[in-house]
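# Tertiary structure, described
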Amino acid sequence: MFTVIRLGLRLLLLLADLTFVLVRGAYRFLGVVVDLRHLVLYALRRGLYCRRGHPVPLLDVLCRCEACGFTYTGSPLSCPGPGCTAPTAASTTCPTCGESVASPFRVGHE
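Remember, it's a predicted structure, so these values are computed and weren't measured experimentally.

## Considerations on a nonpolar patch on the surface
Residues M1, F2, I5, L9 and L12 make up a contiguous nonpolar surface patch of about 630 Å² in total accessible area. Relative to the assigned elements, F2 resides in helix α1 (residues 2-45).

Set out below in structure tokens:
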């Protein structure tokens, strides 16, 4: 009798774990698909634009890393600072209207 109950509980826990793994996998897959859409739009438009249509520069921009404080001229999406371990930025700001624009180079999310 107890072995049947124990077997039923193990099966229930196995189903719960399987459901969790499938939901987490679907969430990550959808995140990659959405981010790949940004990358394809970037390639088709030959540049990055905010929702209002303003061009957002990605090179030769004076930037300051929020993590290490390093000031540099380059891309606002990654810090070339020595020893900086900041992850690639998820977004940048439109210089015209100030709207956040998602980075097309960041694929997947955690």
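There is more to say, and it comes next.
## A closer look at the nonpolar core
In this structure, L48, C50, V56, L58, L77, C94 and V101 together form the largest nonpolar core, which totals seven residues. Sequence-distant contacts of V101, that is, excluding residues within four places in its chain, are made with L48, Y49, C50, V56, A90, S91 and T92.

## Structural notes on the pairing of strand β4 (residues 71-74)
Where burial is concerned, the two faces of β4 differ: the one with Y72 and G74 is buried and the one with T71 and T73 is not. Pairing of strand β3 (residues 61-64) with β4 involves four bridges; the strand directions are antiparallel. Along β4, the bridge assignment pairs R64 with T71. Connecting the antiparallel pair β3 and β4 is a turn made up of six residues, with G69 showing a positive phi of about 85°.

## Considering the pattern of salt bridges
Enumeration over the complete set of coordinates arrives at one salt bridge. Measuring nitrogen to oxygen at the nearest pair gives 3.9 Å for the salt bridge that ties R51 to E99. Taken together, the residues R51 in the loop between β1 (48-49) and β2 (55-56) and E99 in the loop between β5 (91-93) and β6 (100-102) connect sequence positions 48 residues apart. When its relative accessible area of 79% is taken as the criterion, R51 is described as exposed.

## Quick word on the environment of S91
Residue placement: S91 occurs in strand β5. A sequence separation of 15 residues divides S91 from P76, and the C-alpha atoms of the two residues are 8.6 Å apart. Apart from the residues lying within four places of it in its own chain, the contact partners of S91 are L77, S100, V101, A102 and S103.

## Re the environment of P80
Here P80 shows up in the loop between β4 and β5. Along the chain, P80 and F70 lie ten residues apart, while their C-alpha atoms are 8.4 Å from each other. Contact partners of P80, with chain neighbours within four places excluded, come to F70 and Y72.

Parameters and conventions
- Residues numbered from 1 in each chain as written.
- Predicted model: local features only at pLDDT ≥ 70, side-chain atom pairs only at ≥ 80, totals over all residues.
- Heavy atoms only, no water.
- Patch = residues over 30% accessible without salt bridge, like charges linked within 9 Å, V, L, I, M, F, W, Y side chains within 5 Å.
- Areas by Shrake-Rupley, 256 points an atom, 1.4 Å probe, with all protein chains shown as cover.
- Salt bridge = Lys/Arg side-chain N within 4 Å of Asp/Glu carboxyl O.
- Helix = DSSP H or I, 4+ residues; strand = E, 2+ residues; numbered from the N terminus.
- Core = buried A, V, L, I, M, F, W, Y, C linked by side-chain atoms within 4.5 Å.
- Buried < 20%, exposed > 50% of the residue type's maximum accessible area, 1.4 Å probe, protein only.
- Contact = heavy atoms within 4.5 Å.
- Pairing = 2+ DSSP bridges.

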